[in-house]
Amino acid sequence: MGLSLACLVALFLLLPIVIVVPMSFSTAISFEFPPPGYSLGYYAKFFTSEEWLEPTLNSLVIALGATALTMLLVVPAAFGYVRYRFRGKALVNLLMMAPLIVPHVVSALAYYGFLGRARLTGTHLGVIVAHGVLAVPVAFLVISATLKGFDRNLERAAMSSGAGPLRTFFHVTLPVLRPGMLVGALFAFLSSFNEAVVVIFIGGRGAATLPKKMYESIRLESDPVIAVVSTLLVSAVVLGVLVSAFLRPRGANAA
Amino acid sequence: MTAYLSLRNIVKSYDGRVNAVDNVSIDIAKGEFLTFLGPSGSGKTTTLMMIAGFEAPSAGAIELEGEDLTRRKPYERNIGVVFQNYALFPHMTVERNVAFPLRMRRFPRNREAARVREILDLVGLGPFAGKHPRELSGGQQQRVALARGLVFNPDVLLLDEPLGALDKSLREQMQVELKRIQREVGITTVYVTHDQTEAMTMSDRIAVFSHGKLEQVAPPLDVYHRPRTRFVGEFIGDSNIFAGTVDESQPGCVTLEALGPMRVDVEAWRRVGKGAVDVLVRPERVQLAAPGAEPALLNRLVMEIGVIVNYGDSVLLIGSARGQRLRMRIAGAQPDAIREGATVIVGWRPGDEHLIARS
Ligand SMILES: Nc1ncnc2c1ncn2[C@@H]1O[C@H](COP(=O)(O)OP(=O)(O)OP(=O)(O)O)[C@@H](O)[C@H]1O
Ligand SMILES: [Mg+2]
């Protein structure tokens, strides 16, 4: 019973991929399923047209920048949150989760107003700021969980070995936490790379990312290159999840 | 005894209200193996963490060879620590774990490898130098932790329940091993455990903790035979403790509640003087009196046997005499006359007991 339900859910989740991936190898001039024939034509088109490569580059730059910003915000916050007792701790946790609770459209509107006034709409920096903040909850969850599992006796052992606070951090704390940090960063990266709503509002022409370009393309021309992009995005996510699954078990068992 | 490591009136309160450690003073000699023994939450770990420098005392001072350590950071002290959960660095090999204190303490690089090898051989882990901690068994990991704690020739070695996570036979093997290494290195050691057998077999002296206070600091046999307080007598080993009063008019006589007058060691009787006493009689000192009783067995009781616990090499009788709980232990096999529900005459000689003055 449970198993068949799980299979049903998996099928439901996989169905779009099952349809999109074959279409990316299609020879049809528009969306058509099942494809009349197979070729790499649309892949060739994707990798040679400026129109698609530029948003790809934008996406990468913005996702990297957003990841850096997220980590800058989240790592110190997670250390403070996990290691110290203070008043209003529950409130801090709620605040860190806020971007997850507020609907993206609402965030998008708010960013549109706020970044517009700062003349940052349509710039990489503007989107980086928005995406950096949006990725805070997922990164905070992953990194604070890693930190909670960290055995403080490791730091004590390092200190009694003669290492001061800095050397303890760089020789012991950071290397042991690194896998968890990487997973957090990876999630932040993917969250920006896949984000469509906010970027449609604030990306403009100057900072159009892949999801934004796809959205526009599907409205205007239903170009099957979108199937190629979708396939590539899904592959990136799968790769990311595989990498994070590989990273997980080593850092976690420090206790 | 000249003090090497001294704790002077150490107090520690985490919350400002309750004292987790309450006015503890101990002098530890160079090369001594001192064990902190006490129930859970009695302040053993907290005291150890203050010696290591991970927690600051709320009051009091810690001195090493007359030098005040109290305000020094852990990394400015020369103290090795071994934790119950090993706390090995998971991203380093055994070799790197052990070399870590040498690197941090600027030990000459050209002698590092030789020193690491030497200490790994001492703990019997030479062949495992290249492995990661997760590839080792619990006992092996604890040896690595020990090597890491010893490699830089610390002044003092602290161990917090280092064998707590090991199974019984490995534990006993490690006790012997640990004691051998401690003797060989001659290092001053403070050891935390709540296993009393471990404390008895390994220590030069035992410090018994209860509710953050020191109950007694003495060699194992003293703690066992001459506990300073009722708590120590009950906590360590099996015991019969009878409440009584000193009979001032008759030398060597104490009147026990319900059981009546008993003969005790005259010297001890004199030292206690007068007033209420607790009389401790270890179960193995209680003997069967009949028949053909030993004339020296002056203190006799009629015991009703409730439960018999047969250990193979000895038999524990749990019962009562005139409503007082009474336990006795007989070495060897179970005698025929001993059955559950039977009544036997038992007794002990004056001097087999220990008097604890009630304060
Ligand atoms: N970091 C801390 N913050 C607040 N209270 C603490 C802290 N560490 C210990 N305590 C309290 O201090 C008291 C003594 O604890 P401690 O860990 O020293 O006991 P212990 O003798 O080592 O016990 P165990 O045998 O269980 O390890 C306990 O009541 C404990 O709850
Ligand atoms: Mg403890």
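All of the points below concern the structure found in this document.

About the thresholds
- Residues numbered from 1 in each chain as written.
- Chains lettered and ligands numbered in written order.
- Predicted model: local features only at pLDDT ≥ 70, side-chain atom pairs only at ≥ 80, totals over all residues.
- Heavy atoms only, no water.
- Contact = heavy atoms within 4.5 Å.
- Buried area = accessible area lost by both parts, 1.4 Å probe.
- Salt bridge = Lys/Arg side-chain N within 4 Å of Asp/Glu carboxyl O.
- Near = heavy atom within 4 Å.
- Polar contact = N/O pair within 3.5 Å; in protein donor to acceptor, adjacent residues only side chain to side chain.
- Areas by Shrake-Rupley, 256 points an atom, 1.4 Å probe, with all protein chains shown as cover.
- Nonpolar A, V, L, I, M, F, W, Y, C, P; charged D, E, K, R; others polar.
- Axes fitted to C-alpha atoms, helices over the stretch in contact; angles between N-to-C directions.
- Helix = DSSP H or I, 4+ residues; strand = E, 2+ residues; numbered from the N terminus.
- Parallel < 35°, antiparallel > 145°, perpendicular 65-115°, else oblique.
- 1 Å grid on protein atoms, 1.4 Å probe; cavity = no way out; pocket = protein on both sides within 12 Å on 5 of 7 lines; lining within 4 Å.
- Points joined across faces, edges and corners; volume = space filled by probe spheres on them.

### Here's the deal with the interface of chain B and chain A
One frequently used descriptor of interface size is the decrease in accessible area upon assembly of the parts. In this assembly, 24 residues from chain B lie in contact with 20 residues from chain A. Taken together, both faces of the contact between chain B and chain A bury some 1,800 Å²; the carbon and sulfur share is 63%. Across the chain B-chain A interface, the total number found is 1 salt bridge. Where Arg156(A) meets Glu55(B), a salt bridge forms, and the shortest distance between an N and an O atom there is 3.8 Å.

### Remarks on the site of ligand 1
All names here are of chain B. The full set of residues close to ligand 1 is Tyr14, Ala20, Pro39, Ser40, Gly41, Ser42, Gly43, Lys44, Thr45, Thr46, Glu161 and His194. Take threonine 46: an N or O atom from its side chain is 2.5 Å from an oxygen atom of ligand 1. Considering ligand 1 on its own, with 640 Å² of exposed area, one finds that the protein chains cover 60% of that surface. When grouped by side-chain class, the residues that make up the shell around ligand 1 number 3 nonpolar, 7 polar and 2 charged.

### Quick word on the packing of helix H2 (residues 41-48) of chain A against helix H3 (residues 50-83) of chain A
All names here are of chain A. Across the interface, H2 lies against H3 with an axial gap of 5 Å and an inter-helix angle of 65°. Judged by the inter-axis angle, H2 sits roughly perpendicular to H3. The residues of H3 that touch H2, namely those facing Phe46, Phe47 and Thr48, are Glu50, Trp52, Leu53 and Thr56. Among the residues making up the contact of H2 with H3, the classes are represented as 4 nonpolar, 2 polar and 1 charged.

### Some remarks on the layout of surface pockets
Residues and elements named next belong to chain A. Counted as a void, the largest pocket has a volume near 580 Å³. Looking at the largest pocket, it is lined by 17 residues, and the ones nearest its centre are Arg83, Tyr84, Arg152, Glu155 and Met159. Taken together, the elements giving at least two residues each to the lining of the largest pocket come down to H3, helix H8 (152-160) and helix H9 (165-194). When its residues are assigned to classes, the lining of the largest pocket shows 8 nonpolar, 3 polar and 6 charged.

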